[in-house]
Amino acid sequence: MKRIALITGATSGIGEACARRFAQGGFNLILTGRNSEKLQQIKAAAQKEGAEVLLLQYDVRDRDACAQAVASLKDCWQQIDVLINNAGLALGLEKEYEGNLDDWETMIDTNIKGLLTMTRLIVPGMVARNHGHVINIGSVAGDAAYAGGGVYCATKAAVKAITDGLRIDVAESAVRVTNVKPGLVETNFSVTRFHGDAKRAEGVYQGIQPLTGDDIADVAFYAASAPEHVQIAEVLVLATHQASGSVIHRDPNRKENLS
């Protein structure tokens, strides 16, 4: 029987890449997201890899919608082996005292509260079965704040603390808990951060070859594929010329990314 992975925020970026990688790795998938059309496209691609796919369309900020979606799972779909809490975003890059309160609320509700909601709904079943794996997509931003990113960094610092706390809480069981902390990844992340300003987003990746969503999906799959007695607790994944969240060497002669 194939293992089942539930991936939140599966309609783009790292989430979409995880759906692709786990389908290729022999998993069946439960994919969640807000964009129905994109979910259908990803489902079709995963089915070509031999995966069975169940779609759940909802926003992780909506606690009731999360609960209803999980409650709708029937039969073997309830036996979730891997939960990938990927849904998350950054909005804005203003100074903290000039930030947008609505942006802050969206980040906190998605990056922290949405992750907690899904954890609360799925992990009890894992503990009862004495089997399962939670993979939270954190960020290098959770290690230290950078200019204009204080609130986003705080949400990812919370992901680290929540992940570490969960690992402690389930230590008596065989449930494993992993925090994957990406650095500079070229997805639609920066376009979202800058509210659709693609030109400004391009500047984030100039002069460096960034990571891709596939790179992070490979790390998540590796953690999920490790022997049962091996728990990959935390992985920091950076582009070669990135040393931290704020230290990046950029080649001024580099005209385009090689990814």
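Please read these numbers as outputs of a predicted model, since none were measured by experiment.

*Asks:* Any chance you could explain the packing of helix α3 (residues 63–71) against helix α4 (residues 101–129) here in plain terms?
*Replies:* Direction vectors running N to C along α3 and α4 enclose 25 degrees, while the axes themselves pass 10 Å from each other. Classified by the interaxial angle, the pair formed by α3 and α4 is roughly parallel. You can see that α3 and α4 cross each other, and the crossing is right-handed. Every residue of α4 that contacts α3 at R63, C66, A67 and V70 is listed here: T117, M118, L121 and I122. A breakdown of the residues in the contact of α3 with α4 according to their chemical character gives 6 nonpolar, 1 polar and 1 charged.

*Asks:* What's the story with the nonpolar core in this structure? I'm lost.
*Replies:* Proteins that are soluble and globular tend to have nonpolar side chains buried together. Core analysis: the largest hydrophobic core is formed by 38 residues, its most contacted members being F22, L29 and L31. Secondary-structure elements contributing two or more residues to this core are β1 (4–7), α1 (13–24), β2 (28–33), α2 (36–48), β4 (82–85), β5 (133–137) and α8 (213–225). Setting aside residues up to four positions removed in sequence, L29 forms contacts with A5, I7, A19, F22, A23, A46, E52, V53, L54 and W77.

*Asks:* Sorry, what's going on with the pattern of salt bridges here?
*Replies:* Following the criterion strictly, the structure yields 12 salt bridges and no others. One salt bridge connects K181 with E234, and the closest N-O pair in it is separated by 2.9 Å. Of this pair, K181 sits in strand β6 (residues 176–182) while E234 sits in strand β7 (residues 234–237), placing them 53 residues apart in sequence. Salt bridges here are not isolated pairs; linked through shared partners, they connect D143, K160, D164, R167, K181 and E234.

*Asks:* Can you help me understand the packing of aromatic side chains in this one?
*Replies:* Two aromatic rings are characterised by how far apart their centres lie and by the angle between their planes. Overall, the coordinates contain 4 aromatic pairs when judged by the stated rule. Taking 5.2 Å as the distance between ring centres and 80 degrees as the angle between the ring planes, the aromatic pair formed by F22 and F221 counts as edge-to-face. With F22 in helix α1 and F221 in helix α8, this residue pair connects regions lying 199 residues apart in the sequence. When the ring of F27 is compared with that of F221, the centres are 6.2 Å apart and the planes differ by 75 degrees; the resulting orientation is edge-to-face. You can see F27 sitting in the loop between α1 and β2 and its partner F221 sitting in helix α8, a full 194 residues away along the chain.

*Asks:* Which parts of the structure should I look at to understand the sheet that holds β2?
*Replies:* By definition, the strands of a sheet pair up through backbone hydrogen bonds, in either a parallel or an antiparallel sense. Within the open sheet, the 7 strands sit side by side as β3-β2-β1-β4-β5-β6-β7. Their pairing is parallel. Each having just a single partner strand, β3 (53–57) and β7 make up the two edges of the open sheet. The average undirected angle you get between the axes of adjacent strands in this sheet is 15 degrees.

Definitions and cut-offs
Residues numbered from 1 in each chain as written. Predicted model: local features only at pLDDT ≥ 70, side-chain atom pairs only at ≥ 80, totals over all residues. Heavy atoms only, no water. Axes fitted to C-alpha atoms, helices over the stretch in contact; angles between N-to-C directions. Helix = DSSP H or I, 4+ residues; strand = E, 2+ residues; numbered from the N terminus. Parallel < 35°, antiparallel > 145°, perpendicular 65-115°, else oblique. Left-handed = near helix turned anticlockwise from the far one by under 90°. Contact = heavy atoms within 4.5 Å. Nonpolar A, V, L, I, M, F, W, Y, C, P; charged D, E, K, R; others polar. Core = buried A, V, L, I, M, F, W, Y, C linked by side-chain atoms within 4.5 Å. Buried < 20%, exposed > 50% of the residue type's maximum accessible area, 1.4 Å probe, protein only. Salt bridge = Lys/Arg side-chain N within 4 Å of Asp/Glu carboxyl O. Phe/Tyr/Trp six-rings, centres within 6.5 Å; stacked < 30°, edge-to-face > 60°. Pairing = 2+ DSSP bridges.

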